[in-house]
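What follows is the residue order along each chain.
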Amino acid sequence: MRRITVIAACLLAAGFLMQCSPAATNVSAENSAPAKIQLMTSLPIIWGEGASMETILDGKTSAAPIYTYWQQQHDIIAVDSFEGLDESDAEIVLLAQPPAMAPADIAAVDAWVRAGGKAIILTDPMLIWPTELSLGDKRRPLASGLLSPLLEHWGLELQAPDEAGSGGVELEFSGVTISTAGIGTFKLLPQRGADKGADRSSCVLSTANVMASCQVGEGKVIILADADFLNDALWTNPEQQSDDEQVGDARELTDIFIAELRNGT
């Protein structure tokens, strides 16, 4: 497996993942309230592959290990709209390869972040997520991230991997290694017009440009050009017995992101 080493955390400027210690990544430590998270995703992690209203009502669905973990550790709800986000008690918005978002939802997230909100965005330009659902089925995970208007507004361009870079990779983030595939990269765009004002966006890229940390107005955003690492097929060990044991570094990496946003200054 090809390996890309990403030295995130302490070595980057502008506060990018500055909370590097194990204590900082433990978002569910004693006396720490669960993070209030609103999740929007096209990935089959909530109900499982091919879930329908009938199977959901009959209790015949199964959440992915990563989503089960998030439910156990955080106050997380899945949403299909961000109407009323500014009036909610959400602490973090998590966009994990979201479906095509309505312009109103994109505008709502942008305004909420600029007013001081925090977001984690996992947007994959070449999702390699196995599915048996036919093309056109609305339950299929989105094959390519469609957040370009939002990212460009924040000064970023999401780039797909070339053919040589579309295979399996391992990413290392401060001792956390994740297995994934088809990871993209980011490119910084020049500031334009109103973006140079008081509510401008400022992004810092990680080594290898696979991750960005952005100050957007009064808010903060962590963006990773990948979502495949949430697929348990990439890291599940058949010899492991429980979902908790199987979640592995996919859980740890999202915990790092959540802790950075909650504890960062």
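Residues numbered from 1 in each chain as written. Predicted model: local features only at pLDDT ≥ 70, side-chain atom pairs only at ≥ 80, totals over all residues. Heavy atoms only, no water.

Engineer: Explain helix α4 (residues 103-114) here, please?
Structural biologist: Since there are 3.6 residues in each turn of an α-helix, residues three or four apart along the chain are aligned in direction. Between its terminal C-alpha atoms α4 stretches 16 Å, which fits the 16 Å expected from 12 residues at 1.5 Å a residue. Asp 105, Ile 106, Val 109, Asp 110, Trp 112, Val 113 and Arg 114 are the residues of α4 that are buried. Directly after α4, the chain includes Gly 116, whose backbone phi takes a positive value near 125°. (Helix = DSSP H or I, 4+ residues; strand = E, 2+ residues; numbered from the N terminus. Expected span 1.5 Å × (residues − 1). Buried < 20%, exposed > 50% of the residue type's maximum accessible area, 1.4 Å probe, protein only.)

Engineer: Even after reading the chapter, I still don't get the state of the cysteines, so can you show me in this structure?
Structural biologist: Working definition of a disulfide: a covalent bond connecting the sulfur atoms of two cysteines. Using the criterion set out here, one finds one disulfide in the structure. For Cys 203, the disulfide goes to Cys 214, at an S-S distance of 2.1 Å. Here the disulfide of Cys 203 and Cys 214 is right-handed, its torsion about the S-S bond being about 110°. Separated by 11 residues along the polypeptide, Cys 203 in strand β10 (residues 201-205) and Cys 214 in strand β11 (residues 211-216) bring together distant segments of the chain. The same class applies to Cys 203 and to Cys 214, which are both buried. (Disulfide = S-S within 2.5 Å.)

Engineer: What am I meant to see in the environment of Gln 72 here?
Structural biologist: Counting through the fold element by element, Gln 72 comes out in helix α3 (residues 65-73). Distance in space between the C-alpha atoms of Gln 72 and Pro 34 is 9.3 Å, their sequence separation being 38 residues.

Engineer: Just checking my understanding: could you explain the pairing of strand β2 (residues 36-41) for this structure?
Structural biologist: Looking along a regular strand, one sees the side chains alternate between the two faces of the sheet. The buried fraction of β2 amounts to five of the six residues, a majority that puts the element mostly inside the structure. Sheet analysis places β2 next to strand β4 (residues 92-96), joined by five bridges and oriented parallel. Residue Met 40 lies in a different strand from β4, and its bridge partner there is Leu 95. (Pairing = 2+ DSSP bridges.)

Engineer: Explanation requested: the sheet that holds β4 in the structure shown.
Structural biologist: Each strand in a sheet pairs with its neighbour through backbone hydrogen bonds, running either in the same direction (parallel) or in the opposite one (antiparallel). Within the open sheet, the seven strands sit side by side as β3-β2-β4-β5-β12-β11-β10. Their pairing is mixed. Two strands lie at the open edges of the sheet, namely β3 (75-78) and β10, each paired on one side alone. The mean inter-strand angle of the sheet, taken between neighbouring strand axes irrespective of direction, is 20°. Contacts from α3 reach β2, β3 and β4 within the one sheet, and its direction differs from that of β3 by about 130°. Against the sheet, α4 contacts β2, β4, β5 (118-122), β10, β11 and β12 (219-224), and its axis sits at roughly 125° relative to β12. (Axes fitted to C-alpha atoms, helices over the stretch in contact; angles between N-to-C directions. Contact = heavy atoms within 4.5 Å.)

Engineer: Can you walk me through the pattern of salt bridges in this structure?
Structural biologist: Pairs can form between side chains of opposite charge whenever their charged atoms are close. Under the counting rule described, the total for this entry stands at four salt bridges. The closest approach of N and O atoms between Asp 75 and Lys 36, which form a salt bridge, is 3.1 Å. With Asp 75 in strand β3 and Lys 36 in strand β2, this residue pair connects regions lying 39 residues apart in the sequence. For Lys 36, a relative accessible area of 31% corresponds to the partly exposed category. Of the charged contacts in the structure, one is a salt bridge between Arg 114 and Asp 110, with a shortest N-O distance of 2.9 Å. Taken as a pair, Arg 114 and Asp 110 lie in helix α4 at a separation of four residues, close to a single helical turn. Accessibility expressed as a relative area gives 15% for Arg 114, which makes it buried. Judged by its relative accessible area of 13%, Asp 110 is buried. (Salt bridge = Lys/Arg side-chain N within 4 Å of Asp/Glu carboxyl O.)

Engineer: What is the right way to look at the confidence of the model for the protein chain in this model?
Structural biologist: Reading fine detail from the predicted coordinates is not recommended where pLDDT is low. Counting all residues, the mean pLDDT for the protein chain is 78, and 71% of those residues have values of 70 or more. Here residues 18-31 is a poorly scored stretch, pLDDT under 50, and it has 24 contacts once near neighbours within four places are set aside; other chains count. Across residues 237-247, confidence stays below pLDDT 50; counting only partners more than four residues off in sequence or on other chains, it has 13 contacts. (pLDDT = per-residue confidence, 0-100.)

Engineer: Before we go on, may I ask you to explain the side chain of Thr 41 in this structure?
Structural biologist: Structurally, Thr 41 can be placed in strand β2. You can call Thr 41 buried: its relative accessible area is 15%. For Thr 41, the side chain forms a polar contact with the main-chain nitrogen of Leu 43, separated by 3.0 Å. (Polar contact = N/O pair within 3.5 Å; in protein donor to acceptor, adjacent residues only side chain to side chain.)

Engineer: Could you clarify how one ought to interpret the nonpolar core in this entry?
Structural biologist: It is characteristic of soluble globular proteins that their nonpolar side chains tend to be buried jointly. Among the nonpolar cores identified, the biggest contains 38 residues, and Ile 45, Trp 70, Leu 122, Leu 224, Leu 230 and Phe 257 are the most heavily contacted of them. For this core, the secondary structure elements donating two or more residues are β2, α3, β4, β5, β7 (168-173), β8 (176-181), β12 and α6 (243-263). If one sorts the elements of this core by residue count, α6 sits on top with six residues. The contact partners of Leu 122, leaving out residues within four places of it in the chain, are Leu 94, Leu 95, Ala 96, Gln 97, Pro 98, Leu 224, Asp 226, Ala 227, Phe 229, Leu 230 and Phe 257. Val 113, Leu 151, Cys 203 and Val 216 belong to the second largest nonpolar core, which has 29 residues in total. (Core = buried A, V, L, I, M, F, W, Y, C linked by side-chain atoms within 4.5 Å.)

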